[in-house]
Amino acid sequence: MDTPSLDDLGDDVWIEAGQTVSSPDELREYIAHLRTVAHHMHTGLTRAAWGALQGQAWGERAIEEQPLSEDILEAFSMTITPSGMAAKDAVYRQSIGTLLATLEAVDQATLTAWLAQINAADPDRKA
């Protein structure tokens, strides 16, 4: 049975698609789609979080003024609360940083799974 397109499924897209996987090739396709979605979520949240922090939407900034993803993650991951910041704002900011880090971890984990399957099939293949 073919794995249904993840784009064609309803609210339970990941469950419905996951329960139809029956081969390593289908699993690789499922993981590749998961990686794409996680990457897009990470990119979108990064830009939204930075825009909210700066008070100016990402798309309104010149390209040379747009920071690297790592700089944004650092701005949301606090070891010390900035002076004068309310606890509610610090908790919200830290939670966004944790969500960004988690999405990055999903992106990295799915890449590792893909590389592992490629390596198992042909260790000498170019990645």
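This is a predicted model, so every value here is computed, not measured.

1. Considerations on the overall build of the protein chain
Link 1 in the chain: A count of helical and extended segments in the protein chain gives 4 helices and 0 strands.
Link 2 in the chain: Along the protein chain, helices and strands appear, N-terminal first, in the series α-α-α-α.
Link 3 in the chain: Relative to a compact globule of 127 residues, whose C-alpha radius of gyration would be 14 Å, the protein chain shows 19 Å and is clearly more extended.
Link 4 in the chain: Expressed along its principal axes, the backbone C-alpha trace of the protein chain runs to roughly 55 × 40 × 30 Å.

2. Observations regarding the environment of L34
Link 1 in the chain: If you trace the backbone, L34 turns up in helix α2 (residues 24-54).
Link 2 in the chain: Taking the C-alpha atoms as reference points, L34 and K88, 54 residues apart in sequence, are found 32 Å from one another.
Link 3 in the chain: With sequence-adjacent residues up to four places away left out, L34 is seen in contact with W14 and T110.

3. What to know about the pattern of salt bridges
Link 1 in the chain: Taken as a whole and judged by the stated rule, the model has 2 salt bridges.
Link 2 in the chain: Its salt-bridge partner being D107, residue R35 comes within 2.8 Å of it at the nearest N-O pair. Linking R35 in helix α2 with D107 in helix α4 (residues 87-121), this pair joins segments that are 72 residues apart in sequence.

4. Comments concerning the side chain of Q117
Link 1 in the chain: You can see Q117 is positioned in helix α4.
Link 2 in the chain: Of the residues examined, Q117 reaches a relative accessible area of 18% and is grouped as buried.
Link 3 in the chain: In this structure Q117 touches P24, D25 and R28, once residues within four positions along its chain are discounted.

Analysis parameters
Residues numbered from 1 in each chain as written. Predicted model: local features only at pLDDT ≥ 70, side-chain atom pairs only at ≥ 80, totals over all residues. Heavy atoms only, no water. Helix = DSSP H or I, 4+ residues; strand = E, 2+ residues; numbered from the N terminus. Rg over C-alpha atoms; globule rule 2.2 N^0.38 Å. Contact = heavy atoms within 4.5 Å. Salt bridge = Lys/Arg side-chain N within 4 Å of Asp/Glu carboxyl O. Buried < 20%, exposed > 50% of the residue type's maximum accessible area, 1.4 Å probe, protein only.

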